[in-house]
Amino acid sequence: MEGTPRSWSDIPLELAGLVFCRLIAPGDRVHFAAVCPQWRSAAQQAPLPLPLLALKDGTFYSMPRGEPLHVPGCDGGFVTASGNWLVYNHLHCFLLVDPFSGATMTLPAPPSMDAPHSRNFVLVKLIVCSPHLIAALFEDDCEFQIAVCRPGTSSWSVAQEQHMWILDIAFYQEKLYAINYLNDLLALDISVDDNTGGPHVARIERVIRVGCYKGYTHYLTTFYLIGSRGSLLMVHRNIFHGHIHDERGQIHTFAKQCKPELAVFEADFRQSRWSKLMTLGDDQALFLGPCSRAVCVPRCDLQDKRVWFLGDYKNDMLKMMPLSGTDDMIIRKFSCPLPMISWRDHNGRAGAVWACGSSL
């Protein structure tokens, strides 16, 4: 006599969680959680998926093994990414596309200013803060501007009286932050216009004042601002010029002798200063690039690869470079497990981004 057929809900939560973590597409994760209350519980306890490496020609790679993935309906040509949104620059607007769910969102075209002359701004970074708030960092001839908008509106609101040389922005604990070239941390208060209903930057406060940054003549430095597990982090990535191009004009790859130096700092809001971290948490990994992200993941899953980065710094002399690599802050291991590319967009920016899908 055959026993009573068992239900899928009888699968142990631990096993269901392992299955859930193997699902790449956010849509598949939603369907998994809808099977039964037990599977939804397993999904809610699982960590966020690792970001996908998205090349701007439409090719995707899964992490951490770098396996190529086919994402149906995903075309190349996007300029950057924000979470699970790919950002396309159309003639009169930005179009955001979720390649997994098919959802779309329309944003205004880049702002242009009439005084003293018309200026066209290039998108550097875009953050989908909420369904009603988008923040972006634009660049025009080495001048950076922060702007905000609401999806569906016709224009951006550019922040006035900005501190010079904004290098990165991040949305952390429901607030927009920025760092400048002095490593000062700026907090931006966002208000809603009573007449238009659109957001605008009402106030900029310097919450950490460094005052001066001692740069290094022989280094290229890229700065990142990232929210991570209740902390706001600033990451410095220094690359020695001599390891990039030699006297013969040859370019050395990271896999040979160009090992980047990383430094991570945590914002101490009580003391109004940056505190240097000597190591990351055992279950934390940083993915650095135009859309950086911190992810909690079991240490064994990444095999001591704690920091992943893209070749996203600008230098007109660089024509070929590794797309990414990893660096363990503790034991300083370094490798280049991901594919290499030899092209960038016309603004000199990296030809790849991290595309981060949500858990549920």
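What you see is a predicted model; the values in this text were computed from it and never measured.

Student: Pulling in residues and values, what's your account of the packing of helix α1 (residues 13–21) against helix α3 (residues 37–45)?
Tutor: Describing two packed helices takes the angle between their axes plus the distance from one axis to the other. Contact geometry of α1 with α3 gives a least axis separation of 9 Å together with a crossing angle of 65°. Between α1 and α3 the crossing geometry is right-handed. In this structure, α1 contributes L13, A16, G17 and F20 to the contact, and α3 contributes Q38, W39, S41, A42, A43 and Q45. Here the contact of α1 with α3 is built from residues that sort into 6 nonpolar, 4 polar and no charged.

Student: Give a description of the sheet that holds strand β7 (residues 104–108) that names residues and reports values.
Tutor: One open sheet accounts for 4 strands, arranged β4-β5-β6-β7; its pairing is antiparallel. Because the sheet does not close on itself, it has two edges, and the strands there are β4 (80–82) and β7. Along the sheet, successive strands turn relative to each other by an average axial angle of 30°, direction set aside. Here 3 bridges tie β4 to strand β5 (residues 85–89), and the two strands are oriented antiparallel to one another. In the strand pairing of β5, S82 is matched with W85.

Student: Lay out the pairing of strand β12 (residues 143–149) in plain terms, naming residues and giving numbers.
Tutor: In summary, the side chains of a regular strand alternate between the two faces of the sheet. Of all 7 residues in β12, 6 are buried, a share of seventy percent or more. Where strand β11 (residues 133–140) meets β12, 7 bridges bridge the pair, whose relative direction is antiparallel. Considered in β12, the bridge of A136 is made with A147. Here β12 runs beside strand β13 (residues 157–158); their pairing, made up of 2 bridges, is antiparallel. Residue V148 lies in a different strand from β13, and its bridge partner there is S157.

The rules behind each value
- Residues numbered from 1 in each chain as written.
- Predicted model: local features only at pLDDT ≥ 70, side-chain atom pairs only at ≥ 80, totals over all residues.
- Heavy atoms only, no water.
- Axes fitted to C-alpha atoms, helices over the stretch in contact; angles between N-to-C directions.
- Helix = DSSP H or I, 4+ residues; strand = E, 2+ residues; numbered from the N terminus.
- Left-handed = near helix turned anticlockwise from the far one by under 90°.
- Contact = heavy atoms within 4.5 Å.
- Nonpolar A, V, L, I, M, F, W, Y, C, P; charged D, E, K, R; others polar.
- Pairing = 2+ DSSP bridges.
- Buried < 20%, exposed > 50% of the residue type's maximum accessible area, 1.4 Å probe, protein only.

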